[in-house]
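Each chain, letter by letter, is given below.
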Amino acid sequence: MEMNKDRITGSEALMRSLEHEGVQTIFGYPGGAIMPVFDALYDHRDRLNHILVRHEQGAAHAAQGFARVSGKVGVCLVTSGPGATNTITGIADAMIDSTPIVVIAGQVGAGFLGTDAFQEVDLVGVTQPITKWSYQIRRAEDVAWAVSRAFYIARSGRPGPVVLDFTKNAQTEETDYEPVTVDFIRSYDPDPEIDRKAIGEAVALINESKKPFVLVGQGVELGNAQAELRAFVEKADIPCGCTLLGLSALPSAHRLNKGMLGMHGNLGPNVKTNECDVLIAVGMRFDDRVTGKLETYAKQAKIIHLDIDPSEIGKNVPVDVPVLGDCKKTLALLTELVQKNTHTEWIDSFHSYEETEYNQVIQREVSPGEGPLNMGEVVHAVSEAVKNDAILVTDVGQNQMMACRYFKFTQQRSIVTSGGMGTMGFGLPAAIGATFGRPDRTVCVFMGDGGLQMTMQELGTVMEQKAPVKIILLNNNYLGNVRQWQAMFFNRRYSFTPMMNPDYMQIAKAYGIPSRRMMERAELDEAIREMLDTDGPFLLEACVIEEGNVLPMTPPGYSVNQMLLEC
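Below or above, wherever it landed, is the structure these notes cover. These figures come from a predicted structure and were not determined experimentally. (Residues numbered from 1 in each chain as written. Predicted model: local features only at pLDDT ≥ 70, side-chain atom pairs only at ≥ 80, totals over all residues. Heavy atoms only, no water.)

## As for the pairing of strand 3 (residues 49-52)
Right, so step 1: Bridge count between strand 2 (residues 25-28) and strand 3: four bridges; the pairing is parallel. Residue Phe27 lies in a different strand from strand 3, and its bridge partner there is Ile51.
Right, so step 2: Where the polypeptide runs from strand 2 across helix 2 (residues 35-41) and back to strand 3, its parallel neighbour, the crossover connection is right-handed. (Pairing = 2+ DSSP bridges. Helix = DSSP H or I, 4+ residues; strand = E, 2+ residues; numbered from the N terminus. Right-handed = clockwise from strand over helix to strand, strands pointing away.)

Right, dumping it as C-alpha cells:
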C-alpha cells in the first residue's frame, strides 16, 4: 500500500490553508489553547508575518485597519477564554462597519467542552449575534474546508467578521490535507440578481429629477465602485454627500462632493437632504447619526436605495425604489441608462450654505489667529502637509469628528475609523494594521487623551515592528465629546470627564518612539514637518483648547437640517 506523504496536523493544515487564501500578515497573541498552532507557525515565518500585539483587542482592531486599507481579509490569532473574549469589541466593531476579518481562537479539547475547563468559553455562542458566521472546528479533517468557507463568507457580499473556534484536539490530530476553495454556499446569496425593472424605475426618477442628491456610503469603497460612482454622478451631474466611512470614495476636491453627512457633518448636504426631490443612497444604512429625526427625514423626496444587503433596504427609511445588488454593477447600469444632464442651479444652491459654514465655523476653527490651538487647525495643517494624500485613522470622540471634518482625501480607501460602534481605543491598533496593509502610504492617526490610554500598550507593537505610524494626540485634558454634551445638555456638570494625564513624552521615550509636545501656534508647521521627516513612528502631542466644541451639530432628536452653528 502506498503511504500518504501529506498527512499533517490540524495546526499545519491551518497554516497551509491560510497561505492558500493568500494570507501574508497575521495579528495575534499566543496562549495555552492555541500553542500547537503557534508551534506550526514557527516553520512558516518566512511566508506568514505574525505581528505580536500587546492585547488581543489590539489584534482585532489591527486586522480591521489592515482590511480597510488593503481590501483584503484581516486575520487575527488568539488563545481561548480571555484571549478570545478580548477580541469581542473588535468583532462587534467589524460587524457593524462591514469589515472583513477572520478571528481564529484556540479552544479546549472537544472532550472537555462543557466542563468549565481552564480558559473555556462558549465563543461560538457569544459571537453568533455579531458575526456573519461563527464555527467550531472539532476535527483536523475539517480545517481546510472551514478556513476556505470562513474567508469566502468574510469577503463576499456585504463583508464582515467570521470566527473560527479551534479545539486543541483538532490542532494536534493528523489529517490528509488537500487545499479547498469554497465559492458557493447553498442559501447564501452574496451577489443577488439585479432587478432590471428596478433599474428602469430608478432611471426614470433620476431623469425627471430637478434636485437629485446622492448619499455616498462605505459600500462604494467595499464594492470597489469608486470609478462607477464618479461616472454616474458626472454624467447625471448630481451633487453628493458622504457618510463618515464613505468620505474617501470620492475625492474631497471633486466639484460634486459637497462634504460630510451627519450630526457633525457639513451644513449644505444636511440641509439639502430635506430639500432634494430624489435621494439616491448608495451603499449606506441610514444610520441615526446621518438621519437625525426619522419622522422628518427627507419626507419630500423619492428615495432610491442601492445596497447589496436586503436587510438594510427599508429598515430605517421607507424606500420608493429598492435596487438590490452589487453597487459596482448597479451604478454601471444606471450610468448606461440615465440621461446626460446639468443641474447648475441646484448645485449652486449649496454655495450659500458653504459660505455660511465657512464664515461662522470653519474659518474660526482653522485660522483663529490667537488663543490656544484648535483641534481643527492641527488636523487641517497635517492634511495640508501631506498634500491630502495620506491615510487617515482616527480614534473616537471629538478627535474623530474634527479629523473627519478637516482632513481631505485624494485617494480611495483612505479613511479608517470606528463608525457604528464608536470604539474608543480603536485608533492606535487600527493604524498599526493600516501600515501593514498599505506600507507604501503615509498613515496619520488622530486621537484624544482618553482613547490613547485605552490601548496605549500597543505602543509596544509600534516599537517592536517600527511601524511608521504618525500619531497626533489632540490633548485637551478632557473626555472631550462627553464634556461637550455635558456643556450643551447637562448644564456644564462635568461629571468625571476631566482627565489627569501622564507625561506622554516620557511614555514615548520609554518605547523608543520620537516625540514632540507642541503648545504654541508658532510651532505648528515646524512640528508637523519634523514628524513627517522622521523615519518610522512619531508621537506629536498637540496641547489644544480644553473646552473646544465640534460644530456644526445636529442635536439628538432634531431634524437633519436643524444644525447648530454655535453653542
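And the narrative resumes.
## Examining the packing of aromatic side chains
Within a pair of aromatic rings, the relevant descriptors are the distance that separates the centres and the angle that separates the planes.
Right, so step 1: Under the counting rule described, the total for this entry stands at 13 aromatic pairs.
Right, so step 2: Between Trp133 and Trp145, the aromatic rings sit 5.9 Å apart at their centres with planes inclined by 85 degrees, giving edge-to-face as the arrangement. Residue Trp133 is located in strand 6 (residues 133-137), and its partner Trp145 is located in helix 7 (residues 143-155); the two are separated by 12 residues in the primary sequence.
Right, so step 3: The buried category is assigned to Trp133, whose relative accessible area is 14%.
Right, so step 4: Within the aromatic cluster, the residues linked to one another by ring pairs are Phe27, Phe66 and Phe436. (Phe/Tyr/Trp six-rings, centres within 6.5 Å; stacked < 30°, edge-to-face > 60°. Buried < 20%, exposed > 50% of the residue type's maximum accessible area, 1.4 Å probe, protein only.)

## Considering the packing of helix 16 (residues 351-366) against helix 18 (residues 398-406)
Right, so step 1: Where helix 16 contacts helix 18, the axes come no closer than 12 Å and their chain directions differ by 110 degrees. When the interaxial angle is binned, helix 16 and helix 18 end up roughly perpendicular. You can see that helix 16 and helix 18 cross each other, and the crossing is left-handed. From helix 16, Glu357, Val361, Ile362, Glu365 and Val366 reach across to helix 18, where they touch Met402, Arg405 and Tyr406.
Right, so step 2: Grouping the amino acids of the contact of helix 16 with helix 18 by side-chain chemistry returns five nonpolar, no polar and three charged. (Axes fitted to C-alpha atoms, helices over the stretch in contact; angles between N-to-C directions. Parallel < 35°, antiparallel > 145°, perpendicular 65-115°, else oblique. Left-handed = near helix turned anticlockwise from the far one by under 90°. Contact = heavy atoms within 4.5 Å. Nonpolar A, V, L, I, M, F, W, Y, C, P; charged D, E, K, R; others polar.)

## Remarks on the sheet that holds strand 16 (residues 415-416)
Right, so step 1: Spatial strand order, 16-15-17-18-20-19: six strands in an open sheet with parallel pairing. Every other strand in the sheet has two partners, leaving strand 16 and strand 19 (515-518) as the edge strands with one partner each.
Right, so step 2: As paired strands, strand 17 (residues 443-448) and strand 18 (residues 469-475) are joined by six bridges and run parallel to one another. Within strand 18, the position partnered with Val445 by the bridge is Ile471.

## Brief notes about the pattern of salt bridges
Right, so step 1: The full count for this structure, using the stated rule, is 31 salt bridges.
Right, so step 2: Glu312 is the salt-bridge partner of Arg158, the closest N and O atoms lying 2.8 Å from each other. Placement of the pair is Arg158 in the loop between helix 7 and strand 7 (161-167) and Glu312 in the loop between strand 13 (302-307) and strand 14 (321-324), with a sequence separation of 154 residues.
Right, so step 3: Arg158 sits in the partly exposed class, given a relative accessible area of 23%. (Salt bridge = Lys/Arg side-chain N within 4 Å of Asp/Glu carboxyl O.)

## A closer look at the packing of helix 11 (residues 226-236) against helix 14 (residues 327-337)
Right, so step 1: Their axes nearest at 9 Å, the elements helix 11 and helix 14 cross at an angle of 25 degrees. For the element pair helix 11 / helix 14, the angle class is roughly parallel. Between helix 11 and helix 14 the crossing geometry is left-handed. On the side of helix 11, the interface is formed by Glu228, Leu229, Ala231, Phe232 and Lys235, while helix 14 contributes Lys328, Leu331, Ala332, Leu334, Thr335 and Glu336.

## Digging into the environment of Leu164
Right, so step 1: Turning to its location among the elements, Leu164 is positioned in strand 7.
Right, so step 2: With sequence-adjacent residues up to four places away left out, Leu164 is seen in contact with Val102, Val103, Ile104, Ala105, Trp133, Tyr135, Ile137, Ala146, Val147 and Ala150.

## With respect to the environment of Ser148
Right, so step 1: Relative to the helices and strands, Ser148 is located in helix 7.
Right, so step 2: Considering only alpha carbons, one finds Ser148 and Ala170, 22 residues apart in sequence, at a separation of 16 Å.
Right, so step 3: The residues contacting Ser148, other than those within four sequence positions of it, are Glu21, Val180, Thr181 and Val182.
Right, so step 4: Looking at Ser148, its side chain comes within polar contact range of the main-chain oxygen of Val180, at 3.2 Å. (Polar contact = N/O pair within 3.5 Å; in protein donor to acceptor, adjacent residues only side chain to side chain.)

## Side note on the sheet that holds strand 6
Right, so step 1: A sheet is described by the order of its strands in space; here six strands give the open sequence 3-2-4-5-7-6, paired in parallel fashion. At either end of the open sheet lies a strand with only one pairing partner, and these are strand 3 and strand 6. Within this sheet the neighbouring strands show an average axis-to-axis angle of 20 degrees, counted without direction.
Right, so step 2: Sheet strands in contact with helix 1 (residues 10-20) are strand 2, strand 5 (101-107) and strand 7, and its direction is about 155 degrees off that of strand 7.
Right, so step 3: In the packing of helix 3 (residues 56-70) onto the sheet, contacts are made with strand 2, strand 4 (74-78) and strand 5, and the angle to strand 4 comes to roughly 165 degrees.

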